[in-house]
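The residues making up each chain are set out below.
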Amino acid sequence: MSNCCSNEPSTKAKCPGCRTSSKEVQSSTVKHHLKAPWKIKSWSTRLYFCKSKDCDVVYFSESGDSFRQSDVRTAVGQKDSSDLATVCYCYGVTRQEAISDDSAKSFVLSETKAKNCACESKNPSGRCCLPDFPKN
Ligand SMILES: [Zn+2]
């Protein structure tokens, strides 16, 4: 599947909460989702996004900090299996809409192709939402 975010970092690290291998995320993404990013003293560490459903850790850093759902101002759809969870943050598509309305996914696909998406800032994963769309 095509991916709109071309300059993604690709390092992985194990989440301190669930030990799942998690992908690196850019600090600019984390700044857009933390409740109080100005309280972080240093941004010069690698940051990772944990997408495990049963884990409360959303972001963690190489230097040992972790940020939980309560530290993040965005409801993390990747950790929420309800129908109202957000799948696409750029265009506000919920899981229910993604399942019931095919045009939602085709819209996101065409916008992604045209590079009109904003996953790096809007999606807490910092990545394209298309892999998160429910398979049908
Ligand atoms: Zn985790």
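Structure: see above.
Visitor: In this structure, what is going on with the layout of surface pockets? I would like to understand it.
Guide: Using a probe with the size of a water molecule, rolled over the atoms, empty space left in the structure can be pinpointed. Estimates place the volume of the second largest pocket at around 160 Å³. In terms of lining, the second largest pocket is formed by Lys51, Lys53, Gly77, Gln78, Thr86, Val87, Arg95, Pro131 and Asp132. Its residues assigned to classes, the lining of the second largest pocket shows two nonpolar, three polar and four charged.

Visitor: Teacher, can you tell me more about the coordination of the zinc ion here?
Guide: At 2.3 to 2.4 Å from the zinc ion lie its protein donor atoms, namely Cys15 (SG), Cys18 (SG), Cys50 (SG) and Cys55 (SG). The site at the zinc ion holds four donor atoms, and with the angles between them running 101 to 119°, its shape is tetrahedral. Given a relative accessible area of 27%, Cys18 falls into the partly exposed group.

Visitor: It is not clear to me how the pattern of salt bridges should be interpreted in this structure. Could you clarify?
Guide: Between side chains of opposite charge, pairing is possible as soon as their charged atoms come close. Scanning all chains against the criterion turns up three salt bridges. Among the salt bridges present, the one from Glu24 reaches Arg46, with a minimum N-O distance of 3.1 Å. On the criterion of sequence distance, the pair formed by Glu24 in strand β2 (residues 21-25) and Arg46 in the loop between α1 (27-33) and β3 (47-49) is long-range, its members being 22 residues apart. For Glu24, a relative accessible area of 9% translates into the label buried. A cluster of three or more residues bridged by salt bridges with shared partners is formed by Glu24, Arg46 and Glu62.

About the criteria used
In this convention, every chain numbers its residues from 1, walking through the sequence in written order. For a predicted model such as this one, the threshold for reporting local features is a pLDDT of at least 70, and the threshold for listing and counting side-chain atom pairs is 80 or more; totals across whole chains, interfaces and linings nevertheless cover every residue. Hydrogens and water are ignored here; the side-chain numbers use all heavy atoms of the structure. Within this scheme a cavity is a closed region of a 1 Å grid, computed over the protein atoms alone, that accommodates a 1.4 Å probe without allowing it to escape, whereas a pocket is open but has protein on both sides within 12 Å along at least five of seven lines; lining residues each have an atom within 4 Å of a point. Grid points are joined across faces, edges and corners, and a volume is the space filled by probe spheres set on the points. Polarity classes work like this: nonpolar for Ala, Val, Leu, Ile, Met, Phe, Trp, Tyr, Cys and Pro, charged for Asp, Glu, Lys and Arg, and polar for all others, with Gly in that last group. Each metal's donors are the N, O and S atoms within 2.8 Å of it, or within 3.2 Å when it is Na, K or Ca, and because water is not part of the set, sites may look incomplete. Tetrahedral means four donors with every angle between 85 and 135 degrees, whereas square planar (four donors) and octahedral (six donors) require angles over 155 degrees between opposite donors and between 65 and 115 for all others; sites fitting neither are termed irregular. Type-normalised accessible area, obtained with a 1.4 Å probe on protein chains alone, sets the label of each residue: buried when under 20%, exposed when over 50%, and partly exposed for intermediate values. The term salt bridge refers to a pairing of a side-chain nitrogen on Lys or Arg with a carboxyl oxygen on Asp or Glu at a separation within 4 Å. Here a helix means four or more residues in a row that DSSP labels H or I, a strand means two or more in a row labelled E, and each is numbered from the N terminus.

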